[in-house]
Amino acid sequence: MSNRHIGISFFMVAALFALVASCAELKSIRGLPESHPESLAVGQQVSCAECHDDQQSGTLKAFDSFSHTSAFVKNHRFYAASDDQLCSICHKSSFCTDCHTNKVEMKPSTKYGHRPDREMQHRGNYITMHKIEGKIDPASCYRCHGRSNNERCVACHK
Amino acid sequence: MKKVCCVLLSALSIVSTSAIALAADVSVETTTLLGIAQRDVSGASKENILPATQFFGLQADSLADGNLSLHIYGWGRTDMGDRSYSTDKNSGNLTYAYVQYAPDYANASVRAGRFFVREGIINEQLDGLNARTDLPAGLGLSVFGGATVHTAKLVGEGSDGKGDTLYGGRLNYRYRGMLEVGVSGVFESEAPELIAHPAANYRRIGADVWLAPLKTVDVIGHSSYNPETKKMAEHSYLLNYKPAREIVLTGEFNQHLEQSYLYAWTMFSGATLNPDYRSTSFGLSASYEINKALEVAADYKHYEREFGGANRFGGDMRVHYKDNTIRGGVGYHYLGADEGFSITPYTSASYHELRCYTMRDSKNYFTAIDLLGNFFEQKIYGKSSAWEANASVGYHITPGLALSGDLSYGRNPQFIEEVKTILRLTYNMNYPGIGGKK
C-alpha cells in the first residue's frame, strides 16, 4: 500500500469520526471526570486501591492498575500511551512537559533541584554517563531526543 | 531570537489577561530561575555563567459554556555572563499553547494549537488539530494533523531533517476490564534533502495491547512497523503481577531493530545503520510497600547489542513520614558491561551508582539534600568517579509563592569541578476547584 493510500485511509476514518461524533448516542457514553474529587498531597505515591476496588467507567480498567507504585512510575510510558486523559485528571500538561518536551535547555533535575523525590532524568554529571548509557540502550535516548529536544545532542554529534 | 521572546511574552500576557477575565477557573504557574555557576572546563579557562530563565504556564478552565479550556506553557532565557548553553545569549520557546473543547461525555475532546500527542506508538508535538472520542461498542478514535514543530538544525544543514506536515491517529477497542487493543500510525511529509546526512522519511504504524486476564495480572505493550524499511521496528512489553496490594512483580521485554526504529534519527544517520542490528533488553523488578512509611524495590535488567551485553541490578528504598512532609530515599545499582560499551579509549564501562536524598516540607519552609555518585571500575579521563551533591532551602512567602536556593558541587571527568547556585522563585496559583491538578 502506498503512502498516499494510507493517508487517504486515515482521512476517511477521520470523516467517519466526524459523522459518528455528531450522533447523539455519544452523549450516553460516560467519560472521565474533569478532575479528581479529592485533593492529593504533593509528592504522594498515590495508591488508587486505597479508595477504589472496582474499575472505572472512563477507561474500563481497574483503578489499581494506575496506582503509583515504583513499577508504575518507571513504566508510566505504557499507561500514558493509552490513557493520558486519565493522567490529566490530576496532572496539568506541564507536569508531563517537565521532561517530555522540545527545545527546553534546562535539565529537569536542575529546574526541580528542590524536588529530588521526583527522580528526574539525567541527574548529576550525565554528560559523562551518556557515553556509556547511550551505547547500551540507544532506543531510550531516541524516545525523547530522537525527533525533538536534541539541542544538546547536535552541539557535539555532527 | 530576542524579538521572538518579546513577542511571545507579550502575546502570553495578552492571552492570559483575557483568559483570566473570562474564565471561571484559572491557574498560573511561573518559575523564575537565576543560575550562578563557575565551570572549570578541562583545557580551557574558567567560565562564569549567569543565566536567568523564566518558565510561564497558564491553564484556564470552564471558559464559554464550561467545556472550553486554554493551556499555555513556555520559557525564555537570557545570559548575563558567559554563554550558558548555545551561541545565543537569549533564547525561548513555546512548549504548548492550545484551546481544548471537551464535553463531559465519551472522553471526547478537540484541541487546536501547539500540543503533544501521545497515542499508542505515537509521541509527537505539532501545530494543528487533534480530535478524539470514545465510540459505541467499546471503540475509540483519535486523529490529528498539522505542521511539524521543528527543532535544532543539524550541523552543516539548513534543516532538522523533518518533513513539514504530520498526521496520524489511533483506533482502539476496549472490552470490559479485560482487554484494550489499538492500532495507530504516524506519517510525516517527505523529509528534506540534506548535505551530509541521509534524508529519512518518518512513518510508523503499530499496535498496542492491554490485557488483564486476572485481577492480579496485566500485560501492556506495543509493537511498531516501519513502512520505509518494510521491517518491524519495536517490540516493547510489560507484565505486572500483584499477588497482594503491597507487592508488585514486573517483567519487561524490549527489542528494537535498530535501522527501522532509529530510521528518522537523522543526527546519527539512522537510515544507514546495519539492517540486521538489534538491541534487546529484558528485566525483572519487585517492589514491596512494607508499611505506609517504607517501600523497598529491587530490579535486574539485561541488555544485548551486536557488540556486547550488560547487566544492571540494584535496589531502592523510599521512606515518607508525617503526611509526606518528610521524604527520603536511598539506592544502589551496579552496571556490569562488556568492553564494547566503554568510552573510547577505555576498556571498561562498568560502574557503581549510589544515590540518597532527604526532604523536609513544612508550612513555612522546605529543604532537600541530594547526593549522587558514579564510581567507575576503570578511570575515565583520569577520574575514578563522577559525583554531585545538591542542597536546597526554600521559604513559602505565601501558600502559592516560594523562594528557594540550591547549591551544588560536583567533580567529574568532563569538568574538573562544577559549582552551581540557583535562586528560584516559584508561583503556583491554583483555583480552588475539586482536587486540583499538580
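Presented here is a report on the structure given in the accompanying data block.

## Quick look at the packing of aromatic side chains
Residue and element names in this part refer to chain B.
Now for step 1: Scanning the model with the defined rule gives 15 aromatic pairs over all chains in all.
Now for step 2: Pairing Trp 265 with Phe 268 gives two aromatic rings, centres 4.6 Å apart and planes at 75°, and the pair type is edge-to-face.
Now for step 3: Among the residues examined, Trp 265 registers a relative accessible area of 7% and is labelled buried.
Now for step 4: Between Tyr 351 and Phe 376, the ring centres sit 6.4 Å apart and the planes meet at 75°, which makes this aromatic pair edge-to-face. Within this pair, whereas Tyr 351 is found in strand E19 (residues 351–361), its partner Phe 376 is found in strand E20 (residues 365–380), the two being separated by 25 residues in sequence.

## Comments concerning the nonpolar core
Now for step 1: By size, the foremost hydrophobic cluster in this structure holds 31 residues, and its most contacted members are Tyr142(A), Phe55(B) and Phe144(B).
Now for step 2: Sorting the residues of this core by element identifies helix H7 (138–145) and helix H8 (151–156) of chain A together with strand E4 (68–79), strand E5 (90–101), strand E6 (109–119) and strand E7 (122–134) of chain B as the ones contributing at least two each.
Now for step 3: Apart from residues no more than four positions distant in its own chain, Phe55(B) is found in contact with Val104(A), Met106(A), Lys111(A), Glu29(B), Thr30(B), Thr31(B), Leu33(B), Tyr73(B), Gly74(B) and Trp75(B).

## Brief notes about the interface of chain A and chain B
Now for step 1: At the interface, 108 residues of chain A touch 136 residues of chain B.
Now for step 2: For the pair chain A and chain B, the summed buried surface comes to about 10,800 Å²; carbon and sulfur atoms form 56% of the total.
Now for step 3: The tally of links from chain A across to chain B stands at 14 salt bridges.
Now for step 4: Here Glu180(B) makes a salt bridge to Lys61(A), at a shortest N to O gap of 2.7 Å.
Now for step 5: Where chain A packs against chain B, one counts 43 residue pairs in polar contact (both at pLDDT 80 or more).

## Comments concerning empty space enclosed by the protein
Over the atoms, a rolling probe the size of a water molecule traces out where space has been left empty.
Now for step 1: Going through the model one piece at a time under the given rule, you end up with 11 cavities of 30 Å³ or more.
Now for step 2: Each pocket or cavity is described by its volume, and for the largest cavity that value is around 260 Å³.
Now for step 3: Taken together, 22 residues make up the lining of the largest cavity; nearest its centre are Ser109(A), Thr110(A), Gly113(A), Glu388(B) and Asn390(B).
Now for step 4: Going through the elements one at a time, helix H5 (108–111) of chain A together with E20, strand E21 (383–396), strand E22 (401–411) and strand E23 (415–429) of chain B are the ones with two or more residues in the lining of the largest cavity.
Now for step 5: When its residues are assigned to classes, the lining of the largest cavity shows six nonpolar, seven polar and nine charged.
Now for step 6: Roughly 160 Å³ of volume is contained in the second largest cavity.
Now for step 7: What lines the second largest cavity is a set of 18 residues, among which Ser82(A), Gln85(A), Arg132(B), Asp134(B) and Arg174(B) lie closest to the centre.
Now for step 8: Elements with a minimum of two residues in the lining of the second largest cavity: helix H3 (76–90) of chain A together with E7, strand E8 (139–148) and strand E9 (165–175) of chain B.
Now for step 9: It is H3(A) that contributes the most residues to the lining of the second largest cavity, four residues altogether.
Now for step 10: Tallied by class, the residues present in the lining of the second largest cavity amount to three nonpolar, nine polar and six charged.

## Some thoughts on the environment of Ser39(A)
All names here are of chain A.
Now for step 1: Its place among the elements puts Ser 39 in the loop between helix H1 (3–21) and helix H2 (70–74).
Now for step 2: Here Ser 39 falls in the exposed class, since its relative accessible area comes to 58%.
Now for step 3: For Ser 39 and Cys 90, which are 51 residues apart along the polypeptide, the C-alpha to C-alpha distance reads 8.9 Å.

## With respect to the environment of Met429(B)
Residue and element names in this part refer to chain B.
Now for step 1: Structurally, Met 429 can be placed in strand E23.
Now for step 2: A sequence separation of 401 residues divides Met 429 from Val 28, and the C-alpha atoms of the two residues are 5.0 Å apart.
Now for step 3: Excluding residues within four positions of it along the chain, Met 429 makes contact with Val 26, Ser 27 and Val 28.

## A closer look at the pattern of salt bridges
Now for step 1: Counted under the stated rule, the structure contains 35 salt bridges over all chains.
Now for step 2: Among the ionic pairs, Glu180(B) bridges to Arg170(B), the shortest N-O distance being 2.9 Å. Of this pair, Glu180(B) sits in strand E10 (residues 179–188) while Arg170(B) sits in strand E9, and the two are 10 residues apart along the sequence. The pair Glu180(B) / Arg170(B) is uniform in exposure class, with both members buried.
Now for step 3: Residues joined by salt bridges that share partners form a network here, namely Lys61(A), Asp83(A), Asp84(A), Glu119(B), Arg132(B), Arg170(B), Arg174(B), Glu180(B) and Asp208(B).

## Section: the side chain of Asn412(B)
Now for step 1: Checked against the element boundaries, Asn412(B) lands in the loop between E22 and E23.
Now for step 2: By relative accessible area, which is 2% here, Asn412(B) ends up buried.
Now for step 3: There is a polar contact of 3.1 Å between the side chain of Asn412(B) and the backbone nitrogen of Gln414(B).
Now for step 4: Within the structure, Asn412(B) has its side chain in polar contact with the side chain of Glu418(B) (distance 3.4 Å).
Now for step 5: Apart from residues no more than four positions distant in its own chain, Asn412(B) is found in contact with Asn125(A), Lys383(B), Ser385(B), Ala386(B) and Glu418(B).

## Brief notes about H3(A)
Residues and elements named next belong to chain A.
Now for step 1: Between its first and last C-alpha atoms H3 spans 14 Å; for 15 residues at 1.5 Å apiece the expected length is 21 Å, and the helix comes up short by more than 12%.
Now for step 2: The sharpest bend along H3 reaches about 100° and sits at Asp 83.
Now for step 3: Burial analysis of H3 places 11 of its 15 residues in the buried class, the great majority of the element.
Now for step 4: Those residues of H3 that fall on the buried side of the exposure criterion are Phe 78, Tyr 79, Ala 80, Ala 81, Ser 82, Asp 83, Asp 84, Gln 85, Leu 86, Ile 89 and Cys 90.

## A word on H7(A)
Now for step 1: All of the buried residues in H7(A) are Pro138(A), Ala139(A), Tyr142(A) and His145(A). What you see down the axis of H7(A) is that its buried residues fit within an arc of 150°, all on one side.
Now for step 2: Check the buried side of H7(A) and you find it contacts helix H6 (126–136) and H8 of chain A together with strand E11 (203–214), strand E14 (247–257), helix H2 (258–261) and strand E16 (294–305) of chain B.

Calculation notes
Residues numbered from 1 in each chain as written. Chains lettered and ligands numbered in written order. Predicted model: local features only at pLDDT ≥ 70, side-chain atom pairs only at ≥ 80, totals over all residues. Heavy atoms only, no water. Phe/Tyr/Trp six-rings, centres within 6.5 Å; stacked < 30°, edge-to-face > 60°. Buried < 20%, exposed > 50% of the residue type's maximum accessible area, 1.4 Å probe, protein only. Helix = DSSP H or I, 4+ residues; strand = E, 2+ residues; numbered from the N terminus. Core = buried A, V, L, I, M, F, W, Y, C linked by side-chain atoms within 4.5 Å. Contact = heavy atoms within 4.5 Å. Buried area = accessible area lost by both parts, 1.4 Å probe. Salt bridge = Lys/Arg side-chain N within 4 Å of Asp/Glu carboxyl O. Polar contact = N/O pair within 3.5 Å; in protein donor to acceptor, adjacent residues only side chain to side chain. 1 Å grid on protein atoms, 1.4 Å probe; cavity = no way out; pocket = protein on both sides within 12 Å on 5 of 7 lines; lining within 4 Å. Points joined across faces, edges and corners; volume = space filled by probe spheres on them. Nonpolar A, V, L, I, M, F, W, Y, C, P; charged D, E, K, R; others polar. Expected span 1.5 Å × (residues − 1). Bend = angle between axes of the 7 residues up to and from the residue. Arc of directions from axis to C-beta.

In short, geometric facts, not functional conclusions.
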